[in-house]
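# Report on the structure
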Amino acid sequence: MTAKSLITAAIALGATAAVTEPERAVSVTRASSQTVTAGAPEFFTGAVKVESRFQTPAPARTGGGLVSFEASARTAWHTHPLGQTLIVTAGEGLVQHWEGDVQEIGPGDVVWIPPGVKHWHGAKPNSGMSHFAVAEDLDGKTVDWLEHVSDAQYGQRSGAYNE
Ligand code: MN
């Protein structure tokens, strides 16, 4: 099909030149254009990388990225104003809310962290873990960072914290 016949077909289907306007066009961000960034040490413990970041334009407000933790790496304690969804893509990891039991997570598991709940997520001591993290922003913010997860806290694999 030639370009001219494509345009003719598009017009016949009711599509107009509007499909070529940037805000109406489907956007593909190529992997090759993405940079892999390291998790900032003030927010993570251990080796963490973030890739495939995305942020939907207003009025949509969903953003996230693929986060990979090397063995024993984890986030600091934190909260999300509108909650967060984690979709585990590889490896074996852990997630825990404040004073809650540690839960094991693996590929295909989907985790929902409710708004305002203090928690951390990361890899198991002897396995890396990757998850896709998705959150909506509230007033431009998706996360409030708190203190690091100490080695003692990380090492405590079950039961409530007593601090
Ligand atoms: Mn989180």
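Residues numbered from 1 in each chain as written. Predicted model: local features only at pLDDT ≥ 70, side-chain atom pairs only at ≥ 80, totals over all residues.

With respect to the secondary-structure elements, Gln55 resides in strand E3 (residues 48-55). It is 9.3 Å that separates the C-alpha atoms of Gln55 and Glu136, two residues lying 81 residues apart in sequence. (Helix = DSSP H or I, 4+ residues; strand = E, 2+ residues; numbered from the N terminus.)

Relative to E3, strand E1 (residues 37-38) is paired through 2 bridges, and the arrangement is antiparallel. If you follow Thr37 over to E3, its bridge partner there is Val50. Pairing geometry for E3 and strand E4 (residues 62-69), over 6 bridges, is antiparallel. When the sheet's bridge partners are listed, Gln55 is paired in E4 with Gly63. Connecting the antiparallel pair E3 and E4 is a turn made up of 6 residues. (Pairing = 2+ DSSP bridges.)

This part is about the sheet that holds E4. Here we have 6 strands laid out as an open sheet, ordered E1-E3-E4-E12-E7-E10, and antiparallel in their pairing. What marks the edges here is a single partner per strand, and that holds for E1 and strand E10 (110-113). In this structure, E4 lies alongside strand E12 (residues 129-136), joined through 8 bridges in antiparallel fashion. Bridge pairing links Thr62 to Glu136 in E12.

The next thing to look at is unusual backbone geometry. Working note: non-glycine residues mostly have negative phi, and peptide bonds are mostly trans. Of the consecutive residues Ala58 and Pro59, the connecting peptide bond is found in the cis state with omega at 10°. Looking at the element boundaries, Pro59 is found in the loop between E3 and E4. For Ser52, which is not glycine, the phi torsion reads 50° and is therefore positive. You can see Ser52 is positioned in strand E3. Taking the number of C-beta atoms within 10 Å as the measure of exposure, Ser52 has 13 and is therefore partly exposed. (Buried ≥ 20, exposed ≤ 12 C-beta atoms within 10 Å, placed from the backbone.)

Once that is clear, we can look at the nonpolar core. Within the largest apolar cluster, 14 residues are counted, with the highest numbers of intra-cluster contacts made by Val48, Phe69 and Ala73. When residues of this core are assigned to their parent elements, the largest contribution, 3 residues, is made by E12. Once residues within four sequence positions are removed from consideration, Ala73 is found in contact with Phe44, Thr45, Gly46, Ala47, Val48, Gly122 and Ala123. (Core = buried A, V, L, I, M, F, W, Y, C linked by C-beta atoms within 7 Å. Contact = placed C-beta atoms within 7 Å.)

Before going further, it helps to examine the confidence of the model for the protein. Taken as a whole, the protein shows an average pLDDT of 88; of its residues, 83% reach a score of 70 or greater. Low pLDDT, under 50, characterises residues 158-163; the predicted model gives this stretch 7 contacts beyond four residues in sequence or across chains. (pLDDT = per-residue confidence, 0-100.)

Moving on, we come to the environment of Ser127. With respect to the secondary-structure elements, Ser127 resides in the loop between strand E11 (119-123) and E12. A residue is classified by how many C-beta atoms lie within 10 Å of it, and Ser127, with 16 of them, is partly exposed. Separated by 36 residues in the primary sequence, Ser127 and Gly91 place their C-alpha atoms 6.3 Å from one another. Each residue touching Ser127, except ones within four places of it in the same chain, is listed here: Ala71, Gly91 and Glu92.

As a further point, take the environment of Gly64. Inspection of the secondary structure assignment puts Gly64 in strand E4. Note on Gly64: 22 C-beta atoms within 10 Å, which makes it buried. With 13 residues separating them in the primary sequence, Gly64 and Glu51 have C-alpha atoms 9.3 Å apart.

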